[in-house]
Amino acid sequence: MLSSSTPAIKGRAPSHQHQPDFRPRNSNPLDVSNLDTSRPNSIGSRSRKPPGIDTRSKHEVEKVDLHQDDLTDIQLAGYSDEQERHIRRKVDFRLCTIAGILCSLNLLDSGVISSAAVTSMPSDLGLDHGNRFSVSIFIFTVASIIFQLPSTIAVRTFGPRIWFSFITFSFGIITLSTGFVKDWKQMMALRVLLGATSSGIYPGLSYLISCWYPRREQQVRFAFIQSGEVIILATGSLVNYGLQQRNGGAGLEGWRWMFIVQGLCTCVLGIATYWWIVDFPENSHKSFWFLTEEEADMASRRIDEDRGDLIAQKFSLMAVLVHAKDFKIWVFACLFFMQNVVSTALAYFVPVILENGLGYSPNQAIILSAPPYYYAVVPVIVSSVVADRFRIRGPIITFNALCMITGFAILGFAENSGARYFGVFLSTGAYVANWAALTAYQANNVVGQWKRVFTAAACTMLNGAGGIAGSYIVRNIEAPRYTTAVWVSIGSHILMISLVGVLTIYFYFRNNRAARTNGAVERTVSGLRSLVHLRGKLTLDDRPGSDIHTSFSLVTRS
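The following paragraphs examine the structure supplied in this document. (Residues numbered from 1 in each chain as written. Predicted model: local features only at pLDDT ≥ 70, side-chain atom pairs only at ≥ 80, totals over all residues. Heavy atoms only, no water.)

Let us look at the overall build of the protein. Helices and strands together make up the secondary structure of the protein, namely 19 helices and two strands. In the protein, of all internal contacts separated by at least 6 residues, the share reaching a separation of at least 24 is 82%. Roughly 22,800 Å² of accessible area belongs to the protein as shown, and the carbon and sulfur atoms make up 63% of that amount. (Helix = DSSP H or I, 4+ residues; strand = E, 2+ residues; numbered from the N terminus. Contact = heavy atoms within 4.5 Å. Areas by Shrake-Rupley, 256 points an atom, 1.4 Å probe, with all protein chains shown as cover.)

Tracing the backbone through its elements, the reader meets G467 in helix α18 (residues 449-470). In the structure, G467 is positioned 126 residues away from V341 in sequence and 5.4 Å away in space, judged by C-alpha atoms. What G467 contacts, discounting residues up to four positions off in sequence, is N340 and T344.

Attention now moves to the packing of aromatic side chains. On inspection of all chains with the given rule, the structure shows 17 aromatic pairs. Where W163 meets F166, the ring centres are 5.6 Å apart and the plane angle is 40°; that geometry is what we call tilted. Placement of the pair is W163 and F166 together in helix α5 (residues 160-178), with a separation of three residues, close to one helical turn. With relative accessibility at 16%, the residue W163 sits in the buried group. Taking the relative accessible area as the measure of exposure, F166 reaches 47% and is therefore partly exposed. Relative to F507, the ring of Y506 lies with its centre 5.7 Å away and its plane at 50°, an arrangement referred to as tilted. What makes Y506 partly exposed here is its relative accessible area of 23%. Given a relative accessible area of 3%, F507 falls into the buried group. The residue whose ring lies beneath R161 is Y274, and the NZ or CZ to ring-centre distance is 4.4 Å. Across from the ring centre of F390, 5.2 Å away, lies the NZ or CZ of R389, which sits over that ring. (Phe/Tyr/Trp six-rings, centres within 6.5 Å; stacked < 30°, edge-to-face > 60°. Buried < 20%, exposed > 50% of the residue type's maximum accessible area, 1.4 Å probe, protein only. Lys NZ or Arg CZ within 6 Å of the ring centre and 35° of its normal.)

Let us look at the packing of helix α7 (residues 201-212) against helix α10 (residues 293-307). Each pair of packed helices can be described by the angle between their axes along with the distance between the axes. Packing of α7 against α10 leaves a shortest axis separation of 8 Å and a crossing angle of 90°. The orientation of α7 relative to α10 falls into the category roughly perpendicular. Along its contact with α7, which presents S210, C211 and W212, the element α10 presents A299, R302, I303 and R307. Here the residues of the contact of α7 with α10 are counted per class, giving four nonpolar, one polar and two charged. (Axes fitted to C-alpha atoms, helices over the stretch in contact; angles between N-to-C directions. Parallel < 35°, antiparallel > 145°, perpendicular 65-115°, else oblique. Nonpolar A, V, L, I, M, F, W, Y, C, P; charged D, E, K, R; others polar.)

This paragraph deals with the environment of L346. Within the element layout of this structure, L346 appears in helix α12 (residues 327-357). In this structure the C-alpha to C-alpha distance between L346 and A485, which are 139 residues apart in sequence, comes to 9.4 Å. Once you skip the residues sitting within four places of it in the chain, L346 turns out to touch Y373, M404, F408, S427, T428 and Y431.

Let us look at α10. Given 3.6 residues per helical turn, the α-helix brings residues three or four places apart onto the same face. Across its 15 residues, α10 extends 22 Å between first and last C-alpha, which sits within 8% of the 21 Å expected from 1.5 Å per residue. The element α10 is extensively covered by neighbouring structure, given that 12 of its 15 residues are classed as buried. Residues of α10 that are buried: E295, A296, D297, M298, A299, S300, R301, R302, I303, D304, D306 and R307. One or two residues past the end of α10 sits G308, with phi positive at roughly 70°. (Expected span 1.5 Å × (residues − 1).)

Quick look at unusual backbone geometry now. For residues that are not glycine, phi is negative in most cases, and the peptide bond is trans in most cases. A positive phi angle is found at W289, which is not glycine, with a value near 50°. With respect to the secondary-structure elements, W289 resides in the loop between α9 (254-276) and α10. Phi is positive for R391, which is not a glycine, with a value near 55°. Turning to its location among the elements, R391 is positioned in the loop between α15 (377-390) and α16 (394-413).

Printed below as a string of structure tokens:
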């Protein structure tokens, strides 16, 4: 089975060697005399040689029979642990911080309508007639699903700095404008525009982070984003409550102040994003006050040594859509669908559950809906640190799903209100923790830039579809038990555990087959000759469309 450790380094044969050495592993004593320890041109200083692609002729390349454990980190990568930590801290500060803020703004701007729903907004705009309010929620999600793939492709096409600043400023303007709408028709139009402009935030940032970090470090970074999201989301609900108290201020209703203030904050941060966020590793020299040339080189080499897909292939629509044939991408997407069925129900209806199901007053329900989100920071960070430390993904997802099932069982079947409120805590912590785990799970098991783009967009599209389904499972007529929500949530997570088990078995046999045949676990579409890392060896494969690196199947440890 594939080891989850870092692949072996590249080696260079003497000039008189004409044929690759195809002897079995460990047939020779360790020999590092031919290692190429020279530093390539810095990626961050506009190197002309694309990293990760060996341009030597086939006769100049020799397979190197090395174990990672036989060499020190400096011999393996050309940089020390301290240098690596320094680069990682820089990337954390510049990328994870703004990523968490942008994801939070996306959630706040799209979800402010739920806070405004308990104000005079529905009657003021005529949304209280028929199903107009439900349509305003639904139409936003549909627009978001439609534009997620194009918007994620645009991150690579235009660059993160331009694209994220543009779409953030755009959906900030739209949110601000919503504070001045006169009727439900204008609200519907702005909800469509809001869904289209904000659609690329989560999949685009997930893709960008997966490009900057080796697979062994990704879940903790996704956990940082989730932590920032839930903290700001919980605080935002309290802020909206305060803004509602300004009802009539400057001649505007309280719900209008919610949209205006949040939209204005988003616009300001959208402008700051252009200088704050960083570009892709190979273009890090374009980022504002970021890495030195040497650090940019190290950051790029870290990624190239981990999976070898640093440089994106030339864009074409087929280069992206061809990955729709990979069934595991749709399994990943189904996991996100089942995840969001539950999370949407909790996010939109926890105040309703607290008020109608547990008997709290409206003000108490608003206040008590915030603490479970603050608590969720603990399980998401702890579970992600464990996952990255031991390089596992499937078991963590399964554990979180079991916690989710337990929480909803308590919420649905316990008699004591305090116990049921504890069920809200347990469920909220579990689903927030699984956001980071599922995002790392899909990012760790695909290789190739455009495949990462397609996978991130597909997962987020079905995630949005799950949100639509989740909005229908909490039914007020079923208060105080909410039987449909409880059983759908439990059933979806039993199915989630089953699908993770299927993927675990699939990855196990694929890894074993690759080990027996020296084949590829994960392929990318490219006409360029590529290097293939297989179980600590380096071989040359010059077939068109060949594999770049094996995938990082973090479902078991080898």
